[in-house]
Amino acid sequence: MTTWNLEGNQHHVLMCNGSSCMRKGGEEVTQAIREEITARNMDEVVHTSRTRCNGRCKGACVVIVYPEGAWYEEVDVDLARKIVGEHLENGQVVEHALSYVTTEKGMEPRNNRTVGIDKVKEPSC
Ligand code: FES
């Protein structure tokens, strides 16, 4: 059991470790993100968490970065390292790999990714 002091952290990275993402290299993506953060001496400003399924399995591997609310899909090891360098270190979201980004209007889709199933159902009569 670990309790980290998160004061001063600038980003929280959620790395999907659900079954679909793990079948598409989720462990390698997780390790690549953590290795790259350490290599760039960013362990004290970036917190990472493994998660279960984030509900976007067709886009495996899924990686999510807060506070931007940037949802990345089809993340492989190379893209994982790029997210750390461009987004976490330099503050430039990797636009072409986004599926959603959070704006003042809420989550907005990007890059024509799989739309998926509507969560709001029509009321039955
Ligand atoms: S297992 Fe990663 S989004 Fe479902």
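Scroll up to find the structure.
Residues numbered from 1 in each chain as written. Predicted model: local features only at pLDDT ≥ 70, side-chain atom pairs only at ≥ 80, totals over all residues. Heavy atoms only, no water.

Q: Describe the packing of helix H2 (residues 26-39) against helix H3 (residues 77-89), listing the residues and the values that go with them.
A: Running from N to C, H2 and H3 cross one another at 35°; their axes reach a closest spacing of 8 Å. When the axes of H2 and H3 are compared, the crossing they make is right-handed. Here H2 contributes Glu-28, Val-29, Ala-32, Ile-33, Glu-35, Glu-36 and Ile-37 to the contact with H3, which in turn contributes Val-77, Ala-80, Arg-81, Val-84 and Leu-88. Considering only residue class, the contact of H2 with H3 consists of eight nonpolar, no polar and four charged. (Axes fitted to C-alpha atoms, helices over the stretch in contact; angles between N-to-C directions. Helix = DSSP H or I, 4+ residues; strand = E, 2+ residues; numbered from the N terminus. Left-handed = near helix turned anticlockwise from the far one by under 90°. Contact = heavy atoms within 4.5 Å. Nonpolar A, V, L, I, M, F, W, Y, C, P; charged D, E, K, R; others polar.)

Q: Go over the layout of surface pockets, please, and point to the residues and values.
A: The computed volume of the largest pocket comes to approximately 500 Å³. What lines the largest pocket is a set of 15 residues, and nearest its centre among them are Gly-55, Arg-56, Val-115, Gly-116 and Ile-117. Looking at the lining of the largest pocket, its residues break down into six nonpolar, five polar and four charged. A volume near 250 Å³ is recorded for the second largest pocket. Along the walls of the second largest pocket sit Trp-4, Asn-5, Leu-6, Asn-9, Arg-34, Ile-37, Thr-38, Asp-43, Glu-44, Val-46, His-47 and Thr-48, which together make up its complete lining. Among the elements of the structure, H2 and strand E2 (46-51) are those that each provide at least two residues to the lining of the second largest pocket. Residues of the lining of the second largest pocket, tallied by class, amount to four nonpolar, five polar and three charged. (1 Å grid on protein atoms, 1.4 Å probe; cavity = no way out; pocket = protein on both sides within 12 Å on 5 of 7 lines; lining within 4 Å. Points joined across faces, edges and corners; volume = space filled by probe spheres on them.)

Q: I'd love a proper account of the nonpolar core, names of residues and values included.
A: Membership of the largest hydrophobic core comes to 31 residues, with the highest contact counts inside it found for Val-13, Ile-33, Tyr-72, Val-75 and Leu-88. Those elements giving two or more residues to this core turn out to be strand E1 (11-16), H2, strand E3 (63-66), strand E4 (70-72), H3 and strand E5 (98-103). Of all the elements, H3 adds the most residues to this core, at five residues. Every residue in contact with Leu-88, bar those within four places of it in the chain, is listed here: His-11, Val-13, Ile-37, Met-42, Val-46, Val-65 and Ile-83. (Core = buried A, V, L, I, M, F, W, Y, C linked by side-chain atoms within 4.5 Å. Buried < 20%, exposed > 50% of the residue type's maximum accessible area, 1.4 Å probe, protein only.)

Q: Which residues make up unusual backbone geometry, and what values do they have?
A: Residue Ala-60 is joined to Cys-61 through a cis peptide bond whose omega torsion reads 0°. Mapped onto the fold, Cys-61 is located in the loop between E2 and E3. Between Tyr-66 and the following residue, Pro-67, the backbone shows a cis peptide bond with an omega angle of 20°. Position of Pro-67 among the secondary structure elements: in the loop between E3 and E4. With a phi close to 55°, Asn-41 is a non-glycine residue in the positive phi region. Inspection of the secondary structure assignment puts Asn-41 in the loop between H2 and E2. Accessibility expressed as a relative area gives 71% for Asn-41, which makes it exposed. Its identity is not glycine, yet Glu-74 carries a phi of approximately 55°, on the positive side. Within the fold, Glu-74 resides in the loop between E4 and H3.

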